[in-house]
Amino acid sequence: MAGMQIETFLDHQAILVNQAQPVHFAVRITTAPTVASRPKPAAFCLVLDRSGSMAGEPLAQAKAAASLAAKNLRAEDQFALVVFDEEAQTVIPLQAAKGRKNAFLQAIAKIESGGSTNLTGGWMLGRDALRD
């Protein structure tokens with residue numbers, strides 16, 4: 001692809017044979033800014049696991065990713081938010097993002113970890129939000 005640059009990084013200059021040690025590998029991909037815009041609005045339903053196993057850093061990272069997605073919505077895009085632990089719940093029904101991003105971000109920030117995991121209920125509620 002023209003204009004794409006790929007850089008790789010290892011945290012060791014040499015890796016010794018028959019010596020177990022962690023090795024960290026990173027890839028940085030950069031491209032020229034995209035000029036074309038998406039032709040149609042997107043309908044986006046985020047299904048977020050807030051079960052007890054997500055407590056702490058995992059939930060914080062999931063909420064940060066959810067907030068980033070909400071911040072990048074266009075006004076004509078639609079957004080819904082479903083959370084689940086032992087029960088699935090629609091926090092934000094599918095609606096246009098125009099004028100609602102701050103409300104979306106506030107709803108995401110209020111999510112707290114809960115009980116056990118009902119993955120099927122969360123996925124089904126998210127599917128139904130988009131189907132409607």
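Note that the coordinates shown come from a computational prediction; the quantities given were computed from them, not determined experimentally. Counting restarts for each chain, with residues numbered from 1 along the sequence as it is written. It should be noted that, the model being predicted, local features are given only for residues of pLDDT at least 70 and side-chain atom pairs only at 80 or more, the latter also being counted only at that level, while totals for whole chains, interfaces and linings use all residues. Working from all heavy atoms in the structure, the side-chain values ignore hydrogens and water.

1. Here's the deal with the overall build of the chain
And then number 1: The helix and strand labels rest on DSSP assignments: H or I over at least four residues marks a helix, E over at least two residues marks a strand, and numbering proceeds from the N terminus. Within the chain one finds three helices and five strands.
And then number 2: Counting from the amino terminus, the chain carries its helices and strands in the arrangement β-β-β-α-β-β-α-α.
And then number 3: What you see for the chain is a C-alpha radius of gyration of 20 Å, clearly larger than the 14 Å of a compact globule of 132 residues, by over 25%.
And then number 4: Burial classes follow relative accessibility: with a 1.4 Å probe on protein chains only, a residue under 20% of its type's maximum area counts as buried, one over 50% as exposed, and anything between as partly exposed. Across the 132 residues in the chain, those meeting the buried criterion constitute 23%.
And then number 5: Intrachain contacts of the chain at a sequence separation of at least 6 include 64% that bridge at least 24 residues.
And then number 6: Positive: Lys, Arg. Negative: Asp, Glu. His and the chain ends are not part of the count. By convention, charge coordinates are those of NZ in Lys, CZ in Arg, CG in Asp, or CD in Glu. Charge-centre separation for the chain: the mean point of 13 positive side chains lies 10 Å from the mean point of 12 negative side chains. Radius of gyration here is computed from C-alpha atoms only, and the compact-globule reference equals 2.2 Å multiplied by the residue count raised to the power 0.38. Note on definitions: a residue-residue contact is assigned when non-hydrogen atoms from the two residues lie within 4.5 Å.

2. Section: the packing of aromatic side chains
And then number 1: Each pair of aromatic rings taken from Phe, Tyr and Trp, with Trp reduced to its six-membered ring, is defined by centres within 6.5 Å and is described as stacked if the planes are under 30 degrees apart, edge-to-face if over 60, and tilted in the remaining cases. Evaluation of the coordinates by the stated rule reveals two aromatic pairs.
And then number 2: The interplanar angle of 20° and the centroid separation of 6.0 Å between the aromatic rings of phenylalanine 44 and phenylalanine 79 together place this pair among those described as stacked. Taken together, the residues span a long stretch of sequence, with phenylalanine 44 in strand S3 (residues 43-49) and phenylalanine 79 in strand S4 (residues 78-84) at a distance of 35 residues.
And then number 3: By relative accessible area, phenylalanine 79 is classed as buried at 0%.
And then number 4: An aromatic cluster of at least three residues, connected via ring pairs, comprises Phe44, Phe79 and Phe104.

3. Side note on the sheet that holds S4
And then number 1: Between any two strands, pairing holds if DSSP finds at least two bridges. Spatial strand order, S3-S4-S5: three strands in an open sheet with mixed pairing. A strand with exactly one partner marks an edge of an open sheet, and here the two such strands are S3 and strand S5 (88-96). Averaged over all pairs of adjacent strands, the angle between their axes in this sheet comes to 10°, without regard to strand direction.
And then number 2: Two elements, S3 and S4, share seven bridges in a ladder whose sense is parallel. Counted as the bridge partner of alanine 43 is glutamine 78 from S4.
And then number 3: A fitted line through C-alpha atoms represents every axis, and for helices the fit uses only the stretch in contact; the resulting angles, taken between N-to-C directions, go from 0 to 180 degrees. Of the strands in this sheet, S4 and S5 touch helix H2 (residues 101-109), which is tilted by about 170° from S5.

By themselves, these are just geometric observations and shouldn't be taken as functional.
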